[in-house]
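A closer look at the structure
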Amino acid sequence: MRNIYSALDIGSDSIKLVCGEFIHGKLNVLCAEKTYSLGYQNNVINDKDELVSSIKKLVNECSEKLGFNIRKVLLSVPVTYTDFYYTEGKEEITSEDYKVTSDNIINVLKNAARGNIPANEELIQAIPVMFRVDSEESKTPLGLKGENLYVKAMLVASDKRFIYEFIKVVSEAGIEVVDIMHGALADYANFDTSLDSKTGALINLGNTSTSVGIFSKGILINSEILNLGGYELDRDIGLKYNLKRSDAKMVKEKFALASVKNASNKEQMKLTDKNGENIIISQRDVSELVSNRLKEVLKLAKKTINHLTKKEISYIIVTGGLTELRDAPLVIHEEFGNKARLGMINYVGARYNGYSTCIGMLLYFYSKLRLRDKEFCMITDDDIDTLVNGAREVTNDSILGKVFGYFFDN
Ligand SMILES: Nc1ncnc2c1ncn2[C@@H]1O[C@H](COP(=O)(O)OP(=O)(O)OP(=O)(O)O)[C@@H](O)[C@H]1O
Ligand SMILES: [Mg+2]
């Protein structure tokens, strides 16, 4: 069976959709697209119809590129509050050879979740912390022999209404949600497992939100979302230079630097302001503005980290669309020191840090299936047929041409 999955991430600046295939455990991006987001701001759906049509538009664009229809997705739920419950579960191993089966793993996690979440909340994720088969601990218990399988798990849950509202929007766009995921957990899946022995933080700098997740030994233990992000920078630039928001955003993305260190007074940009007057913006001035606001956002994120955990933090990874600002690593190091780094997303076909949550969802879902020994493909056999046969016809410079060309040549 082919391992092809799609992930949808609804943001206030853009909605992103990434479709990828795992070949020998490695992710190949088949299509990564984003579209301007309408109807969603500050983690709140403020115009459902507009949001539904933005999602439809994006799905159609991707489907056209792929040559088959995307009908199922993994969905990140950007919940403003999340509750965490540390629980345990037990399941008797009844197979003839006393070996742990895939169903045992699914059931023991279900048992750990059952009755442990308040009625007004929905389970987003049951993260296994450790399994135990009789007295033997293991992260991957499949096939181990014993009488009982135990699990210690972290349950991540949030407001039912919000989660249902989100899933409903996607359903109304004609797409089935296969699994939901906490954004921070998805982000974490992108980065190396050497972090798994430590406690650290993952920050996602978006447009109207900055999410902070705290991880201990690879397990998400706390999270919070601040209503701050790149939008603030656009507003600062717009106010200072009397620019339309779209122009201010363009200045931020194409001209400003995140730090004044390499910004030059000689680099200038000519623009027309809201009154039709010609203005000149110096890179140094606008970068100072951007840098100050970015530092403020990072300082608040730091405060949030300290508020979310008393444990010593060994690493901080900063990702999300806003980290695409040129020289962002300079400011990240300035604010957080050497333990911090930029979380870059660098796949062929998906080179944008704003894809972090989508790509992470694909990686997390794949490892989740492996742990449970489950096979699952989000597209039908007919779709695969189209993909394979269509791929032979596509030109060499298309993404599909490259991926499948390579695949079949070998
Ligand atoms: N090259 C770039 N330089 C500077 N900023 C950028 C660049 N590319 C994107 N951004 C900014 O990153 C932000 C979008 O990031 P992202 O896609 O992660 O947000 P989002 O998921 O749409 O929003 P949110 O999660 O806050 O609802 C926007 O403010 C955008 O202007
Ligand atoms: Mg986002």
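Residues numbered from 1 in each chain as written. Chains lettered and ligands numbered in written order. Predicted model: local features only at pLDDT ≥ 70, side-chain atom pairs only at ≥ 80, totals over all residues. Heavy atoms only, no water.

So, the overall build of the protein
For the protein, the count of helices and strands is 11 helices and 18 strands. Relative to the globule expectation of 22 Å for 410 residues, the C-alpha radius of gyration of the protein, 23 Å, shows essentially globular dimensions. Its C-alpha atoms give the protein principal-axis dimensions of roughly 80 × 55 × 40 Å. Relative to its full complement of 410 residues, the protein shows a buried share of 56%. Partitioning the intrachain contacts of the protein with sequence separation of at least 6 by distance along the chain shows that 69% fall at a separation of at least 24. (Helix = DSSP H or I, 4+ residues; strand = E, 2+ residues; numbered from the N terminus. Rg over C-alpha atoms; globule rule 2.2 N^0.38 Å. Buried < 20%, exposed > 50% of the residue type's maximum accessible area, 1.4 Å probe, protein only. Contact = heavy atoms within 4.5 Å.)

Remarks on the pairing of strand 16 (residues 278–282)
Inspection of the sheet shows strand 15 (residues 268–272) paired to strand 16 by 5 bridges, in the antiparallel sense. Within strand 16, the residue paired with Met269 across the bridge is Ile281. In textbook terms, the turn of a hairpin is the stretch between consecutive antiparallel strands, and for strand 15 and strand 16 this stretch comprises 5 residues, one of which, Gly276, has a positive phi near 85 degrees. (Pairing = 2+ DSSP bridges.)

Here's the deal with the layout of surface pockets
The calculated volume of the largest pocket comes to roughly 790 Å³. For the largest pocket, the lining is made up of 43 residues, of which Lys16, Leu205, Gly206, Asn207 and Gly321 are closest to its centre. Within the residue set of the lining of the largest pocket, elements represented by two or more residues are strand 1 (3–10), strand 2 (14–23), strand 3 (26–36), strand 6 (72–77), helix 4 (183–188), strand 12 (199–205) and helix 6 (245–254). Take the lining of the largest pocket: its biggest share by element is 4 residues, from helix 6. Classifying every residue of the lining of the largest pocket by side-chain character gives 13 nonpolar, 19 polar and 11 charged. In this structure, the second largest pocket spans a volume of roughly 650 Å³. Forming the walls of the second largest pocket are 24 residues, and the residues nearest its centre are Pro128, Asp196, Gly218, Tyr364 and Ser367. Counting residues per element, the ones that place at least two in the lining of the second largest pocket are strand 8 (121–133), helix 4 and helix 9 (356–372). The leading source of residues in the lining of the second largest pocket is strand 8, at 7 residues. A per-class count over the lining of the second largest pocket returns 14 nonpolar, 5 polar and 5 charged. In this structure, the lining of the second largest pocket is formed jointly by two domains, domain 1 (83–160) and domain 2 (196–344), each of which donates at least three residues. (1 Å grid on protein atoms, 1.4 Å probe; cavity = no way out; pocket = protein on both sides within 12 Å on 5 of 7 lines; lining within 4 Å. Points joined across faces, edges and corners; volume = space filled by probe spheres on them. Nonpolar A, V, L, I, M, F, W, Y, C, P; charged D, E, K, R; others polar. Domains from an automatic or database assignment.)

Focus on the sheet that holds strand 9 (residues 136–138)
One open sheet accounts for 4 strands, arranged 7-10-8-9; its pairing is antiparallel. Edge positions in the sheet fall to strand 7 (83–92) and strand 9, since each has one partner strand and no second. Each strand of the sheet is rotated relative to its neighbour by a mean of 35 degrees, with strand direction disregarded. Strand direction decides the pairing type here: strand 8 and strand 10 (residues 148–159), joined by 11 bridges, are antiparallel. Across the sheet, the residue bridging to Gln125 is Val156, located in strand 10. Along the sheet, helix 2 (residues 102–113) contacts strand 7, strand 8 and strand 10; its crossing angle with strand 7, the most-contacted strand, is approximately 130 degrees. (Axes fitted to C-alpha atoms, helices over the stretch in contact; angles between N-to-C directions.)

Concerning the sheet that holds strand 3
In a beta sheet, neighbouring strands are held together by backbone hydrogen bonds and run either parallel or antiparallel to one another. Spatial ordering of the open sheet is given by 3-2-1-6-11, a layout of 5 strands whose pairing is mixed. In this open sheet, the two strands that pair with only one neighbour each are strand 3 and strand 11 (176–182). For this sheet the average axis-to-axis angle between neighbouring strands, irrespective of direction, equals 25 degrees. With 8 bridges connecting them, strand 1 and strand 2 associate as antiparallel partners. Each residue of the ladder has a partner; that of Tyr5, found in strand 2, is Gly20.

What to know about the packing of helix 5 (residues 230–241) against helix 6
As a packed pair, helix 5 and helix 6 sit with axes 8 Å apart at the nearest point and diverge in direction by 110 degrees. Considering their axes alone, helix 5 and helix 6 lie roughly perpendicular with respect to each other. Where helix 5 abuts helix 6, its residues Gly230, Tyr231, Leu233, Asp234, Ile237 and Gly238 lie against Arg245, Ala248, Lys249, Val251 and Lys252. Here the residues of the contact of helix 5 with helix 6 are counted per class, giving 5 nonpolar, 2 polar and 4 charged. (Parallel < 35°, antiparallel > 145°, perpendicular 65-115°, else oblique.)

In short, the description is geometric, and any link to function would need to be established separately.
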